[in-house]
Amino acid sequence: MSIGFFSYFIALLAYLLLTLLLVTAWRGRLMGLIAVLATGTTAVWATVNMLVFVGVPIPTLLLMLTELARTASWLLFLVHILIPDLQCSSSRYWLSMVWWLIGGSALLMLVLPIALRLLNQPPLPANILFLLWTLLAIIGVLLIEQVFRNRKPQQRGEIKHLCLGLGAIFIYDLFFYADALLMQQLDAQLWEARGLVNALIVPLITVSAARNPSWSLEVHVSRHVVFHSATLTAAGIYLMAMAAAGYYIRYFGGTWGALLQITFLFAAGTLLVLLLFSVQLRARLRVLVNRHFFSLKYDYREEWLRFTEALSRPGVNVPEAVVTALGAIVNSGGGMLWVGNEQGAFVLVERINIPPIDTLMQPSNHPMVQFMIRRGWIIDLAEYRSQPDFYDGFESPSWLEQLPEAWLIIPLFFREQVGGFVVLMNADPVQSLNWEDRSLLKTAAHQAASYVAQYRLDQALMRARQFEAFSQLSAYVAHDLKNLLAQQSLLLSNAEKHKHNPAFVEDMITTIKSSVDRMQRLMAQLRSGIRGAPPSSVILDEVIAEVIAIHTKRDPKPQFTTHCAGYKSMQIESDYVRC
């Protein structure tokens, strides 16, 4: 078998698989139909060319027909992508131009040669056909430029892979036919490579199809199938590249060429085996496949609105809201929240559907906490139990060992500091996390961490206010005790001198009674934490008038007058005060 056979055989398999996927995902829309026709005709084109390299005699007319069908189907696909982005007149112009070009090409390549043969006329020169194929390739490049330029900048990500892939195909065709036009014949090596070149753009078409729901091309394939197919494809490309490098070494290596080629290929094969058995490499490849070849698992707008609403529920304290909101993402019905305190340790502040544990504080120097600070990972305890080497440096604390249903440990980072962490119980039903689950949980944890930080500030502010209130009350109590002590000291100092004076004894009893009343009020204030009656509004004129009425029997007699409607001035004659 020649290289051309394998080249077009790979193209046939790639486009046949893509066509089957698009047919099963087709929802009856025109764009989906044109896409299926384009990939299907390309598969037929690859089949015909593959048969040529097998040795099957294929008529030249059939070769040109399949070539035209392939090119025309991709041109129609591009122009139908372009139409929604143009005005009505411009879209009609591009559509009619493509149809006229296809019709003229069919007439010139298919109908005219048959007519010339029937009329016993010489066939068309090959240069005319090469020039026509070159023109079709130029139109393809022009359409791709129009599609990309007329698409809105924020929507170009949906079609950039398609434009890149088809652009590469049309540029290759342009080079292929321009070389044929110049050399008066097709280059055999360029022809052999066309199949593999066309196969290489299939992943790019698939990515663009998955990103354009309006095409009704919702491609859903088993992640394991795509992962293993991508692994085999990458391995095949790697082996081809290494074989080419080995051939180059042998060709230019002189007498040492064969030895160097064998050594190089052995080393390349060993490296490939090591890479294929690398857990980290396979994990990264799986994430790459999931991100770029599949629809996202979550509707992030809905998830974000639901999570924000769960955090802000009225009547629910912050710790409970954080645990339930994070647990709702992965369907976990229980969890606990540990929050850092001023001493650097983590204190258990919330526990939902979890039995009591024997500790309420986790020191920050524990290996579990240090692992979270160092790695910033969401710790999957089920994965840790099955693959402990993957969590090198992590150590489960004793209280966590008492919870066999514990599943996830989610660190809450706020401004690059761990303000706490959430432990979630197993979901119902039990599920495994993929890259998208971890990404969503990490992002949600960042928002939850801001709520936890606000909760910590509120608690600190509350303690500061309580301390301030206690300090004020202590100052008042100290002042009252000082007055009572002075009063009792004065009585004691005069008691020895006036103990036989009945008036003094009577006044002393009254003073002691007043002191007892004041001390009782002081004890009541200490128990309630409130000094005096709550503040209330009073009418100042009435209070002053009442005070003056009590002191009317004393000299000098105070008098009270008011004037100015907007501002009241109170005057006490003889030593008056103006307010």
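Residues numbered from 1 in each chain as written. Predicted model: local features only at pLDDT ≥ 70, side-chain atom pairs only at ≥ 80, totals over all residues. Heavy atoms only, no water.

Novice: How would you summarise helix α7 (residues 188-200) if you had to cite specific residues and measurements?
Specialist: Arg 194 marks the point of greatest bend in α7, at about 35°. Every buried residue of α7 is accounted for by Leu 190, Arg 194, Gly 195, Asn 198 and Ala 199. Looking at where α7 begins, the residue whose side-chain oxygen comes 3.0 Å from the main-chain nitrogen of Gln 189 is Asp 187. (Bend = angle between axes of the 7 residues up to and from the residue. Helix = DSSP H or I, 4+ residues; strand = E, 2+ residues; numbered from the N terminus. Buried < 20%, exposed > 50% of the residue type's maximum accessible area, 1.4 Å probe, protein only. Polar contact = N/O pair within 3.5 Å; in protein donor to acceptor, adjacent residues only side chain to side chain.)

Novice: Residues and numbers for the pattern of salt bridges, please.
Specialist: Under the definition given, this model contains 8 salt bridges. For the salt bridge of Glu 67 with Arg 194, the shortest nitrogen-to-oxygen distance reads 2.7 Å. Residue Glu 67 is located in helix α3 (residues 60-82), and its partner Arg 194 is located in helix α7; the two are separated by 127 residues in the primary sequence. Of the residues examined, Glu 67 reaches a relative accessible area of 6% and is grouped as buried. Where Arg 149 meets Glu 145, a salt bridge forms, and the shortest distance between an N and an O atom there is 2.8 Å. Residue Arg 149 and its partner Glu 145 are both found in helix α5 (residues 126-150); the two are separated by 4 residues, about one turn of the helix. You can call Glu 145 partly exposed: its relative accessible area is 35%. (Salt bridge = Lys/Arg side-chain N within 4 Å of Asp/Glu carboxyl O.)

Novice: Outline the nonpolar core, supporting the account with residue identities and numerical values.
Specialist: Of all hydrophobic cores here, the largest spans 58 residues; its most connected members are Trp 74, Phe 77, Met 109, Trp 133, Leu 143 and Leu 166. Breaking this core down by element, the ones donating at least two residues are α1 (3-25), α2 (30-54), α3, α4 (88-118), α5, α6 (160-183), α7 and α8 (202-210). For this core, the element with the most residues is α3, which contributes 11 residues. Grouped together as the second largest cluster of nonpolar side chains are 28 residues, Leu 337, Ile 378, Leu 424 and Leu 440 included. (Core = buried A, V, L, I, M, F, W, Y, C linked by side-chain atoms within 4.5 Å.)

Novice: Outline the environment of Glu 145, supporting the account with residue identities and numerical values.
Specialist: Placed 18 residues apart in sequence, Glu 145 and Cys 163 show a C-alpha to C-alpha distance of 8.1 Å. Within polar-contact distance, the side chain of Glu 145 engages the side chain of Gln 146 at 3.1 Å.

Novice: Go over the packing of aromatic side chains, please, and point to the residues and values.
Specialist: Counted by the stated rule, this structure contains 21 aromatic pairs. With centroids separated by 5.4 Å and ring planes inclined at 75°, the aromatic side chains of Phe 5 and Phe 6 adopt a geometry described as edge-to-face. Ring centres of Phe 390 and Tyr 391 lie 5.6 Å apart, and the angle between their planes is 85°; on these two criteria the pair is classed as edge-to-face. Lying across the ring of Trp 45, Arg 70 places its NZ or CZ 4.6 Å from the centre. Above the ring of Trp 377, the side-chain terminus of Arg 375 is found at 4.7 Å from the ring centroid. (Phe/Tyr/Trp six-rings, centres within 6.5 Å; stacked < 30°, edge-to-face > 60°. Lys NZ or Arg CZ within 6 Å of the ring centre and 35° of its normal.)

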